[in-house]
Amino acid sequence: MLRPVFFLFFAAPSMASLAWKSISGSFDTTSKMLFFLSLFLFTSLACRPALFKKSMRKFNVAWWAYSFPLTFLALASVEYAQKVAGEIAPVLMLVLLASSVTVCLSLMIFAALNMRTLLGNDSILKSCKSQNKESLNMEYNTGGELLPNTV
């Protein structure tokens, strides 16, 4: 189940909002519309936690799909809060930044705690380990030629 990948849907408008701000030089109406589209998509996904219930049972690498879009939404909210004078924009910015940092830190912790389950069944890593053991079991003769260990 790759349900966390749904969060990538609101990454594109967030990035487009920041890109348009970079191109035009100001956080204008187009940037704001893209930011609000991204915010709408985020809230529509965040309001449906049952959608992600099955994918949250066991840690998976796909969970990292939460961090990237949330970080870009938080960055776009920073630009929006700098442009708009008001009380709600800085609060929204702080909430999104705090959630982005919390998600990134918790994903790092989960990945560190589940390293064996993530990489334990990887055939490439197993082949590398077996090659390292074979190379440790090889001996060199006096002429510098590699000889297999007969032990």
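Just so it is clear, the structure is predicted and the values come from calculations on it, not from any experiment. (Residues numbered from 1 in each chain as written. Predicted model: local features only at pLDDT ≥ 70, side-chain atom pairs only at ≥ 80, totals over all residues. Heavy atoms only, no water.)

(A) Quick look at the packing of aromatic side chains. Under the definition given, this model contains eleven aromatic pairs. Judged by centre distance (4.8 Å) and plane angle (90°), the ring pair of Phe7 and Tyr66 falls under edge-to-face. Taken together, the positions of Phe7 in the segment before α1 (11-24) and Tyr66 in the loop between α2 (29-46) and α3 (67-83) put the pair 59 residues apart, joining distant regions of the chain. Aromatic pair Phe36 and Tyr80: ring centres 5.2 Å apart, planes at 75°, arrangement edge-to-face. With Phe36 in helix α2 and Tyr80 in helix α3, the pair connects residues that are 44 residues apart, well separated along the chain. (Phe/Tyr/Trp six-rings, centres within 6.5 Å; stacked < 30°, edge-to-face > 60°. Helix = DSSP H or I, 4+ residues; strand = E, 2+ residues; numbered from the N terminus.)

(B) Structural context of a nonpolar patch on the surface. A grouping of Val61, Trp64, Val101, Leu105 and Met108 is seen on the molecular surface, where their side chains present a nonpolar patch of about 470 Å² in accessible area. The residue Val61 is located in the loop between α2 and α3 in this model. (Patch = residues over 30% accessible without salt bridge, like charges linked within 9 Å, V, L, I, M, F, W, Y side chains within 5 Å. Areas by Shrake-Rupley, 256 points an atom, 1.4 Å probe, with all protein chains shown as cover. Salt bridge = Lys/Arg side-chain N within 4 Å of Asp/Glu carboxyl O.)

(C) Molecular detail of helix α4 (residues 88-113). For α4, which comprises 26 residues, the first-to-last C-alpha distance of 37 Å matches the rise-based estimate of 38 Å (1.5 Å per residue) to within 8%. Three or more residues of α4 are buried, namely Ala89, Met93, Leu96, Ser100, Leu107 and Ala111. (Expected span 1.5 Å × (residues − 1). Buried < 20%, exposed > 50% of the residue type's maximum accessible area, 1.4 Å probe, protein only.)

Bear in mind that shape data such as this cannot, by itself, settle questions of function.
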